[in-house]
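Working through the structure, step by step
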Amino acid sequence: MASSRDRVASTPSTRPSARRRVSCATQELLDVLHEDVNLIQEKPYVPEPEDADEARDGLVAAARDALRRSRMRDKSLISDLFQGQLVAKKTCKVCARSSVKFEPFTSLSLPVPAPASRSFVVAVLRLAKHANGHPSLTVRVEAPRLGDVRDLKSAIASEVKLTADNLTLCDVARHRIYRVLDEDTLPLGALGDFPQVTDASKRLLIAYERPQLELAKTPSIDFPSAFEELTVGQRLDALDHKRQWYVGTVVDDTEPCRDKNFGKPGYIRIRFDRFSAKWDECFCAGDWPAKLQPPYSKSKGNRLAAFEICVVHRTPKQGLFGTPFLARVASDRSCRALKRAVLRQASLYGYEGSVSVISRDSLSDADIDLDSSDSCRCLSDRFYIALNWDSSSTYREPLSLQKLPPVPTSPRHYDLASCLSQFSREETLSQNDSWRCPRCKKSVEATSSIGLWRTPDVLVIHLKRFLCTARWREKLRTDVSFPRRGLDLSKFLPADAYAVYDLFGVINHLGSLSGGHYTSHVKVSPCSSFGEEEASVAFDSNERWLHIDDDLVEAAKPEDVVTDGAYVLFYRRRRLSGRLVVGHTAVAPVV
């Protein structure tokens, strides 16, 4: 026993461990301690009874019987101090028969309220041919909090009277397209937070209307019957020197390539979509037809796809500015065709100048000619297409900056009572969780609820801040307030139950799911002159708290204890049970 006048109330260790939940560690610690001091070493077999009939047995008798059966196997200081009782109730919607079951608990896990949906401000940019004087529209849409990109695109499409397949959703920042959200199953939680404004210099969401392309499984291209009929611009599959099939185009280029047959009579030059000009290869009549086949008949991924590239605006002095857009053509089109598509959409901005290819990283000009017949696939994701403005003064902004109605916000501040109410709310069981009614003798639709029946003298409350689904995990940063003194749970318990608690410890989680850190706040409790902690503590206004961060221990203000990082709470009943005071309190000084 400590000999100092004041002793810190003990709490479980808060040192973090990789991918381990403190709530699980707290529960595990209590279970281990209980087993170590359990007075019942040889546990008898206690048959589990059927669910009690509420009308027949009565709740009080059923709860007493459940507690008796529990103590036949578990009896220790830990169970006396930390173990409470929950009551689970199911009611048949057919015959109204109710059954109850009582279960012990040592840690109460409460859900943290969170909005069911997220609000997004999205700018929708139309195609130039569909603009009709209104090139863009700014909308605010709601999508499920745990939804994915497909849900968001569907909400946008219904708002602007388009189909989701006609939209390409992009994450735009610093006057460029930061990311194309082309993965429909990407969880919305992975997108992060977006400001509720439409400004291309900041981060925003833009949904681009995209042109419809004919993307057949195998493009309907007339293919020659002889090698001599191959002409410049012909699309075909060719077998390269590594015995791999790639789709390419017959080109007429005087620049040398690495093929040793370049320039020899009787050879044609083929440029592969996936590689630059220096990797061109040459073929002759002897390669027909073993190495030359119709396009997309031999190459991997034999599907004509869409090719998309970001188009940005720049001036010599200002650099990048304005709102970028996305150019989209079929992947078998040439650079020349891509340039025409860019200039058509650039008319929304009032642009009629030159177009060039620039590096995505350095923004310097790349040696790629957009007037060539090369495949557009030579432009990898390492490049942008730039519209070269002489001055930004002639730039015409197509984005609509219209005012939107304010977002109807749900309260972001909750208290512990609201968490308990959500924990105890009645819900209807799904088809997969249907309940077999003892009276109807079949699986029926039923309602289910769970609530507190008896609370322990030391109450451990775990706030479930980690929201997990099959595809996404998220930490809820909802602000939940909890009282340091006088937590009254009487309204959540049967009548005449005394349940007023005072806080003596908090475990905090800082950070996110990918990386975090644990700290704690503990209350300094008064001790007797012999260094023994009093069983009944006078919880007055003179609170003294400590903040513990690994090996750093420092004084803390009482008002700093309640934060949005609170994860596990430790409460002690203000008036302890009489049998516990007698059985577990030292009454004489230790000599």
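Higher on the page you've got the structure.
Residues numbered from 1 in each chain as written. Predicted model: local features only at pLDDT ≥ 70, side-chain atom pairs only at ≥ 80, totals over all residues. Heavy atoms only, no water.

**Notes on the packing of aromatic side chains**
Summed over the entire model, instances satisfying the criterion amount to 14 aromatic pairs. On the numbers, 4.8 Å between centres and 50° between planes, the contact of Y351 with W389 is tilted. With Y351 in the loop between α6 (335-346) and β18 (355-359) and W389 in the loop between β19 (383-388) and β20 (413-415), this residue pair connects regions lying 38 residues apart in the sequence. With respect to burial, Y351 and W389 carry one shared label: buried. Taking 6.5 Å as the distance between ring centres and 20° as the angle between the ring planes, the aromatic pair formed by Y518 and Y567 counts as stacked. Linking Y518 in strand β31 (residues 516-526) with Y567 in strand β34 (residues 566-573), this pair joins segments that are 49 residues apart in sequence. Side by side, Y518 and Y567 carry an identical accessibility label, which is buried. Through successive ring pairs, a cluster of aromatic residues spans F321, F325, Y349, Y351, W389 and Y395. Its end group placed over the ring of W279, R258 keeps NZ or CZ at 4.3 Å from the ring centre. In this structure, R572 is placed above the aromatic ring of F504, and the distance from its NZ or CZ to the ring centre is 5.7 Å. (Phe/Tyr/Trp six-rings, centres within 6.5 Å; stacked < 30°, edge-to-face > 60°. Helix = DSSP H or I, 4+ residues; strand = E, 2+ residues; numbered from the N terminus. Buried < 20%, exposed > 50% of the residue type's maximum accessible area, 1.4 Å probe, protein only. Lys NZ or Arg CZ within 6 Å of the ring centre and 35° of its normal.)

**Brief notes about the sheet that holds β19**
Across the sheet, 4 strands lie side by side as β17-β16-β19-β18; this open sheet has mixed pairing. The two strands at the open ends of the sheet, each matched to only one other strand, are β17 (319-330) and β18. Taking the axes of each pair of neighbouring strands and ignoring which way they run, one obtains an average angle of 35° across the sheet. The pairing of strand β16 (residues 306-315) with β17 spans 9 bridges and is antiparallel. From the neighbouring strand, C310 faces β17, where its bridge partner is L326. Contacting β16, β17, β18 and β19, α6 runs over the sheet at an angle of about 130° to β17. (Pairing = 2+ DSSP bridges. Axes fitted to C-alpha atoms, helices over the stretch in contact; angles between N-to-C directions. Contact = heavy atoms within 4.5 Å.)

**Some thoughts on empty space enclosed by the protein**
Taken as a whole, this structure holds 1 cavity of 30 Å³ or more when the rule is applied. Space inside the largest cavity adds up to approximately 80 Å³. L67, R71, S79, D80 and Q83 are the residues nearest the centre of the largest cavity, which is lined by 10 residues in total. The set of elements that each furnish at least two residues to the lining of the largest cavity consists of α3 (59-71) and α4 (77-82). For the lining of the largest cavity, a count of residues per class yields 1 nonpolar, 3 polar and 6 charged. (1 Å grid on protein atoms, 1.4 Å probe; cavity = no way out; pocket = protein on both sides within 12 Å on 5 of 7 lines; lining within 4 Å. Points joined across faces, edges and corners; volume = space filled by probe spheres on them. Nonpolar A, V, L, I, M, F, W, Y, C, P; charged D, E, K, R; others polar.)

**What to know about the sheet that holds strand β10 (residues 204-209)**
The sheet built from 5 strands is open, its strands ordered β7-β6-β10-β8-β9 with mixed pairing. Strand pairing shows two members of the sheet lacking a second neighbour, β7 (136-144) and β9 (176-180), which therefore form its edges. Looking at each pair of strands side by side, their axes are set apart by 40° on average, direction ignored. In this structure, strand β8 (residues 167-173) lies alongside β9, joined through 4 bridges in antiparallel fashion.

**Here's the deal with the side chain of S136**
Secondary-structure assignment places S136 in strand β7. There is a polar contact of 2.5 Å between the side chain of S136 and the backbone oxygen of P398. Once you skip the residues sitting within four places of it in the chain, S136 turns out to touch V124, L125, P398, L399 and S400. (Polar contact = N/O pair within 3.5 Å; in protein donor to acceptor, adjacent residues only side chain to side chain.)

**What about the nonpolar core?**
Core analysis: the biggest nonpolar cluster contains 42 residues, and Y208, F325, L338, I385 and L387 have the highest contact counts within it. Sort the elements by how many residues they give to this core and β17 lands first, with 6 residues. Ignoring sequence-local partners within four residues, the contact set of L387 consists of V311, V312, H313, R314, F325, V342, A346, Y351, S354 and V355. Listed in part, the 30 residues of the second largest apolar core include L420, F423, F482 and A499. (Core = buried A, V, L, I, M, F, W, Y, C linked by side-chain atoms within 4.5 Å.)

**Quick word on the pattern of salt bridges**
Summed over all chains, the structure comprises 21 salt bridges. D171 is the partner of R203 in a salt bridge, and the nearest nitrogen-oxygen pair spans 2.8 Å. On the criterion of sequence distance, the pair formed by R203 in the loop between β9 and β10 and D171 in strand β8 is long-range, its members being 32 residues apart. Note that K291 is salt-bridged to D287, the shortest N-O span being 3.9 Å. K291 gets classed as partly exposed once you look at its relative accessible area, which sits at 28%. A relative accessible area of 13% means that D287 is categorised as buried. When salt bridges that share partners are traced, they join D253, R269, R271 and D280 into one network. (Salt bridge = Lys/Arg side-chain N within 4 Å of Asp/Glu carboxyl O.)

**Observations concerning the environment of L59**
Tracing the backbone shows L59 in helix α3. Since its relative accessible area comes to 24%, L59 is described here as partly exposed. With 41 residues separating them in the primary sequence, L59 and V100 have C-alpha atoms 7.9 Å apart.

**Considering the pairing of strand β30 (residues 500-511)**
Within β30, 10 of the 12 residues are buried, leaving the element largely enclosed by the surrounding structure. Note: strand β29 (residues 487-488) against β30, 2 bridges, orientation antiparallel. Bridging from a neighbouring strand, D488 pairs with V500 of β30. By the bridge criterion, 7 bridges tie β30 to β34 in an arrangement that is antiparallel. Counted as the bridge partner of N508 is A566 from β34.

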